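# Per-entry structural report
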Amino acid sequence: MNRCAAALIAAFLAAVPLAARGETAPPKLAQLEPPPPAASGASGSIDPEAATRAYLARQTSAEKARSDAYFEGGYWLDLWGFLWAAAAYLVLLHTGVSARMRDLSERLTRVRPLQIGAYWVQFLVAVAIMSLPLTVYRDFVREHRYGLSNLTFAAWLGELGKGLAISAVLGGLAMMILYALVRRLPRTWWIWGATASVVFGAFFALIVPVVIVPIFNSPKRLTDQRVVAPILSLARASGIGAHDVWEVDASKQSNRISANVSGLFGTERITLNDNLLRRASLPEIQAVMGHEMGHYVLNHIHKALLQFGIVIVAGFALLKTLFERLRRTPRWQVRGIDDVAGLPLAALLFTSYLFLLTPVLNTMVRVQEYEADLYGLNASAQPDGFAQVSLKLGEYRKLEPGPVEEFVLFDHPSGRTRIHAAMRWKAEHPETWSGPAQAHGPPR
Ligand SMILES: [Zn+2]
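The structure contained in this document is the topic of the report that follows. (Residues numbered from 1 in each chain as written. Predicted model: local features only at pLDDT ≥ 70, side-chain atom pairs only at ≥ 80, totals over all residues.)

## Quick notes on the overall build of the chain
Quick reminder of the rule: Each helix is a run of H or I in the DSSP string that is no shorter than four residues. Each strand is a run of E no shorter than two, and both are numbered from the N terminus. Partly exposed residues are those falling between the two cut-offs: more than 12 but fewer than 20 other C-beta atoms within 10 Å of their own, whereas 20 or more means buried and 12 or fewer means exposed, with C-beta atoms placed from the backbone. A pair of residues counts as a contact when their C-beta atoms, built from backbone coordinates, are separated by no more than 7 Å.
The secondary structure content of the chain amounts to 17 helices and 4 strands. Once the C-alpha set of the chain is aligned to its principal axes, its extents read approximately 80 × 45 × 40 Å. Residues counted as buried form 36% of the 444 residues belonging to the chain. Looking at the chain alone, contacts between residues at least 24 apart form 78% of all its contacts between residues at least 6 apart.

Now the structure itself:
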């Protein structure tokens, strides 16, 4: 299912309380592993290529095989996920189920927006049920097989249910607005619909940290000053007026380390997850936080909304043209673009469009991620922390893809690209080297 659409609605379930903020004993901070000799600078110089290779060599061949298998399997799952969803949409159309769901909605109520909402809920449930086998395999069985998930099946199903409920509400509202635009503005809806989609995206970004995240996790303010003080110092140096750093109990779901900056128009928050906090040293945490602050300082959320707005307006224009040609298949009983029974066809066309645009969408995101990497290196001055944490991310992301593979399929720079950027930075900053140059002291 479209996670954005799904996620889009929980604002209205906003009565979710922030979980109690439990005090925890300060965790023992991990120590940064010393850089490999080729990356230390002790010899008086650093060759970025050799330093990158030395870091990459820290991943054993068994770890590499496992990480590559997990990540490459993900490519196929993306393809199967797309084909599976496409098949589900066609089944709904071709069996006449979609038309019957519309008829039922029309019998339930005369209020048109409510008909759209009633259809949307049926559609969501039907697609979720048809997709369930793949969803269980991809998000539960396989995650457990790779040791990445910590959820029991019951807890996992519970989260799936919460996600569906959020989709029902937020997606339903978005659909009511989109179909109202289609009906009122039959010639220009594709422009206004795309504009509305950007507004939905902004609204969703706004509520994620304060409404959506607390539905699944219990974010709390990080109190350990050994970690908070250097992060806030980094924030002040970047012109970010943050007073808090947030920690989220991601270990409830998964063993992945991560951090993020989320929110918009005043709800922005920099959050690191407890796996990162538990497993990473301070230089690694600083490197990651520098990256996250880069997203913030470089206004990446605003830029992404604009970029996706362009993608959506082109997609809606295409949808407008193709929909009218295809909808006349008699068995589908779709009356027109403003008939909600045609939603599976619209979804089929739009997801196909997005699927074909995979390299473009990935590149849009990856370019921002690379910008944030460079910002983070300059801000944190922790090249070894960044290299080390890139290796940790390499536990579930392929470290060394081919160039075409990275361009088409990666929505973040690969581990190799990131470590190379760090080593290139370090080569130009002898004050961060070990040995004689260290007399100047590396930035802390
Ligand atoms: Zn990022």
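## Let's talk about the packing of helix H4 (residues 61–94) against helix H13 (residues 343–356)
Short version of the rule: Axes, fitted as lines to C-alpha atoms, cover a helix only where it is in contact. Angles between the N-to-C directions of the axes lie from 0 to 180 degrees. When an angle is under 35 degrees it counts as roughly parallel; over 145 it counts as roughly antiparallel; between 65 and 115 it counts as roughly perpendicular; any other value is oblique. Note on convention: the crossing is left-handed when the near helix lies turned anticlockwise from the far helix by less than a right angle, right-handed when the turn is clockwise. Only Asp, Glu, Lys and Arg are considered charged, only Ala, Val, Leu, Ile, Met, Phe, Trp, Tyr, Cys and Pro nonpolar, and every remaining residue, Gly among them, polar.
Two numbers describe how H4 lies on H13: the axes approach to 9 Å, and their chain directions differ by 160°. If you check the angle between H4 and H13, you find them roughly antiparallel. Read as a crossing pair, H4 and H13 show a hand that is left-handed. Judged by residue contacts, Phe-82, Ala-85, Ala-86, Tyr-89, Leu-90, Leu-92 and Leu-93 of H4 engage Pro-344, Leu-345, Ala-347, Leu-348, Thr-351, Ser-352 and Phe-355 from H13. When its residues are assigned to classes, the contact of H4 with H13 shows 12 nonpolar, 2 polar and no charged.

## Re the nonpolar core
Grouped burial of nonpolar side chains is what soluble globular proteins tend to show. Where we set the bar: A set of buried Ala, Val, Leu, Ile, Met, Phe, Trp, Tyr and Cys residues, joined to one another through C-beta atoms within 7 Å, is what we call a nonpolar core.
Grouped together as the largest cluster of nonpolar side chains are 51 residues, with contacts concentrated most on Tyr-89, Tyr-119 and Phe-123. Of all the elements in the fold, those that place two or more residues in this core are H4, helix H6 (112–145), helix H7 (153–184), helix H8 (189–216), helix H12 (300–326) and H13. Excluding its chain neighbours within four sequence positions, the residues that come into contact with Tyr-89 are Pro-344, Ala-347 and Leu-348. Membership of the second largest hydrophobic core comes to 40 residues, among which are Leu-56, Ala-259, Ala-287 and Leu-399.

## Some words on helix H14 (residues 358–380)
Every α-helix carries 3.6 residues per turn, so stepping three or four residues along brings you back to the same face. Basically, it comes down to this: Expected helix span is given by 1.5 Å per residue-to-residue step, counting one fewer step than there are residues.
Its 23 residues place the ends of H14 32 Å apart at the C-alpha level, agreeing with the 33 Å of an ideal helix rising 1.5 Å per residue. For H14, the full list of buried residues reads Arg-366, Gln-368, Ala-372, Asp-373, Tyr-375, Gly-376, Leu-377, Ala-379 and Ser-380. The inward-facing, buried residues of H14 abut helix H9 (225–237), helix H11 (282–297), H12, helix H15 (383–393) and helix H17 (415–427). Just beyond H14, the residue with positive phi is Ala-381, at close to 55°.

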